[in-house]
Amino acid sequence: MKKIQKLVGEEEKLRMPIAQGLPWTTDEPKCLIKPPVKKNTIPIDLKLLSDIRAVERARFAHQVAEKGRLIKQYKMERERQQKLEEEEEIKRLRKELIPKAQLMPYFDRPFVPRRSEKQPTVPREPKFCIPRHKTIKCCRMSCNDMSGPSQLQHLPSSVEKAEALYKNRILQ
């Protein structure tokens with residue numbers, strides 16, 4: 001029995017855990033190393049597209065202004081050259097336009113006009129007919145009947161009509 005009690009006591013001791021403390025040291029406590037200090041962050045300049053565009057636009061505006069100034073200078077130079085040329089032309093014309101005495105005509109050989117050697121022009125009778133493509137379709141029959149070239153030759157002129165009427169009145 002004693003043995004059994006011993007075994008039961010030992011089992012109970014094994015069931016209860018024994019707290020073990022930290023070992024005693026003679027060393028001094030260690031100080032923790034501080035982490036390294038980070039440098040202050042420097043902000044990065046932002047490159048906005050609008051700022052880049054403004055710089056490009058300013059450069060372009062400067063180029064346009066330069067070109068306009070060069071064109072204006074070229075025009076002024078050309079006008080100055082043209083003005084100088086005109087002044088030189090005026091001076092030259094003034095020298096040429098100095099009145100000079102005209103040569104005296106020769107009266108011993110008077111001018112006699114000669115007859116022309118060309119043949120005289122042959123007169124043609126006017127065409128009173130209206131071309132077919134210029135007439136209106138509805139009037140073609142009446143216009144062509146009255147104004148055909150064969151009809152005009154047979155119709156008496158207005159002078160002949162007046163003479164005929166005059167003779168008829170005299171005879172009556």
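Residues numbered from 1 in each chain as written. Predicted model: local features only at pLDDT ≥ 70, side-chain atom pairs only at ≥ 80, totals over all residues. Heavy atoms only, no water.

Peer 1: It is not clear to me how the overall build of the protein should be interpreted in this structure. Could you clarify?
Peer 2: Check the secondary structure of the protein and you find 5 helices and 0 strands. When its helices and strands are written in sequence order, the protein yields α-α-α-α-α. Counting every position in the protein, which comprises 172 residues, the buried fraction comes to 2%. For the protein, the computed accessible surface area is about 20100 Å², with 60% contributed by carbon and sulfur atoms. (Helix = DSSP H or I, 4+ residues; strand = E, 2+ residues; numbered from the N terminus. Buried < 20%, exposed > 50% of the residue type's maximum accessible area, 1.4 Å probe, protein only. Areas by Shrake-Rupley, 256 points an atom, 1.4 Å probe, with all protein chains shown as cover.)

Peer 1: Would you take a moment to explain the pattern of salt bridges for this structure?
Peer 2: Any two side chains of opposite charge can pair, on the condition that their charged atoms come close. Going through the model one piece at a time under the given rule, you end up with 5 salt bridges. Among the salt bridges present, the one from R92 reaches E89, with a minimum N-O distance of 2.3 Å. Residue R92 and its partner E89 are both found in helix 2 (residues 49-96); the two are separated by 3 residues, about one turn of the helix. (Salt bridge = Lys/Arg side-chain N within 4 Å of Asp/Glu carboxyl O.)

Peer 1: Is there a simple way to explain the confidence of the model for the protein in this structure?
Peer 2: Parts of the model with low pLDDT should not have their predicted coordinates read in detail. Of all residues in the protein, 80% have pLDDT values of 70 or greater, and the mean over the chain is 81. Taken element by element, the protein is modelled with least confidence in helix 4 (residues 149-154), mean pLDDT 47, and with most confidence in helix 2, mean pLDDT 95. For residues 143-155, every residue scores under 50 in pLDDT, and the model assigns this stretch 10 contacts once sequence neighbours within four places are set aside. (pLDDT = per-residue confidence, 0-100. Contact = heavy atoms within 4.5 Å.)

Peer 1: Is there a simple way to explain a negative patch on the surface in this structure?
Peer 2: A cluster of acidic residues, E85, E86, E87 and E88, forms a negative patch at the surface. For E87, the location among the structural elements is in helix 2. Looking at E87, the relative accessible area reads 38%, which means it is partly exposed. (Patch = residues over 30% accessible without salt bridge, like charges linked within 9 Å, V, L, I, M, F, W, Y side chains within 5 Å. Lys, Arg positive; Asp, Glu negative; His and termini not counted. Charge placed at Lys NZ, Arg CZ, Asp CG, Glu CD.)

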